[in-house]
Amino acid sequence: MCNISYGIRNDSEKIGTEQTTVSLLKNAMNNLHLTLEQALTGLGIPESDYQKYRSLIEG
């Protein structure tokens, strides 16, 4: 049972982190007039995660 709750907590933390990152990316794009690629690079997002955030932002 402990392993299940640990997995749920980790998933929840991951989703929260992704939502925060999406919010930061959108703010950088809007306030600093950056492209998504520039915002991803500026925030130090690994290139391996670019597609994930592109999908989350572009819907």
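Residues numbered from 1 in each chain as written. Predicted model: local features only at pLDDT ≥ 70, side-chain atom pairs only at ≥ 80, totals over all residues. Heavy atoms only, no water.

## Quick look at the pattern of salt bridges
The condition is simple: The salt bridge definition used is simple: a Lys or Arg side-chain nitrogen within 4 Å of an Asp or Glu carboxyl oxygen. The secondary structure listing takes helices from DSSP runs of H or I that are at least 4 residues long and strands from runs of E that are at least 2 residues long, numbered from the N terminus. In this scheme, a residue with accessible area under 20% of its type's maximum is buried, one over 50% is exposed, and one in between is partly exposed, where area comes from a 1.4 Å probe on protein chains only.
Enumeration according to the criterion identifies two salt bridges in this entry. Between E18 and K52 there is a salt bridge whose closest N-O contact spans 3.4 Å. Of this pair, E18 sits in helix α1 (residues 2-31) while K52 sits in helix α3 (residues 50-58); the two residues are 34 residues apart in sequence, bridging distant segments of the chain. Note that E37 is salt-bridged to R54, the shortest N-O span being 3.2 Å. Note that E37 is positioned in helix α2 (residues 36-42) and R54 in helix α3, a separation of 17 residues in sequence. We classify E37 as partly exposed; its relative accessible area is 40%.

## Digging into the side chain of E18
The cut-off we apply is this: Every residue pair with non-hydrogen atoms within 4.5 Å of one another is taken to be in contact.
Take E18: its relative accessible area is 17%, and that puts it in the buried class. Aside from chain neighbours lying at most four places away, what touches E18 is K52, Y53 and L56.

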